[in-house]
Amino acid sequence: MTPAREPSGTWRLERRLDLGTLLSVASALAVAAALVSGLGERLRAAEDQICRVERRLEEGQATALKVERVEERIVSIQAVLQEIKDQLKTRREGR
């Protein structure tokens, strides 16, 4: 369809299409479809990568929590050991 001006000065569309125009539109649509398809695949790959990173983050958080608990236990064990050392010192000094 090409715009044409009528003698009265108004615009109208002609219904004739060139083969070149038709091929250009078809190829533009094909390229657009290919781009959308490629973007969809890239989006899926990015989502998969985000899921893997989230799983690693959750695993890291769980590990950090376990390490924190172990550190708390170590601190309490060190306190008990210090108490035992102090008691041994007082017993040795009492002899």
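Below is a short write-up of the structure. The written sequence of each chain sets the order in which its residues are numbered from 1. Totals for whole chains, interfaces and linings use every residue, but because this is a predicted model, local features are given only for residues with pLDDT of at least 70 and side-chain atom pairs only at 80 or more, for both listing and counting. The basis for every side-chain value is the complete set of heavy atoms in the structure, and neither hydrogens nor water enter the calculation.

1. Points about the pattern of salt bridges
Part 1: The salt bridge definition used is simple: a Lys or Arg side-chain nitrogen within 4 Å of an Asp or Glu carboxyl oxygen. In this structure the tally under the stated criterion is 1 salt bridge.
Part 2: Here glutamate 41 makes a salt bridge to arginine 44, at a shortest N to O gap of 2.7 Å. Here glutamate 41 pairs with arginine 44, and both are found in helix H1 (residues 19-94), just 3 residues apart, close to one helical turn. The numbering of helices and of strands both runs from the N terminus, where a helix is a DSSP run of H or I of at least 4 residues and a strand a run of E of at least 2.

2. Section: a nonpolar patch on the surface
Part 1: For patch detection, residues must exceed 30% relative accessible area and be free of salt bridges, and they are connected within 9 Å for like charges or within 5 Å for nonpolar side chains (Val, Leu, Ile, Met, Phe, Trp, Tyr). Computed with the Shrake-Rupley method and a 1.4 Å probe, the accessible areas treat only the protein chains shown as cover for residues. Taken together, the side chains of Ile77, Val80, Leu81, Ile84 and Leu88 present a nonpolar region at the surface, about 430 Å² in accessible area.
Part 2: Among the secondary structure elements, isoleucine 84 is positioned in helix H1.
Part 3: Burial status follows relative accessibility: with a 1.4 Å probe on protein chains alone, a residue under 20% of its type maximum counts as buried, one over 50% as exposed, and anything between as partly exposed. A relative accessible area of 41% places isoleucine 84 in the partly exposed class.

Purely geometric stuff here, so don't read any function into it on its own.
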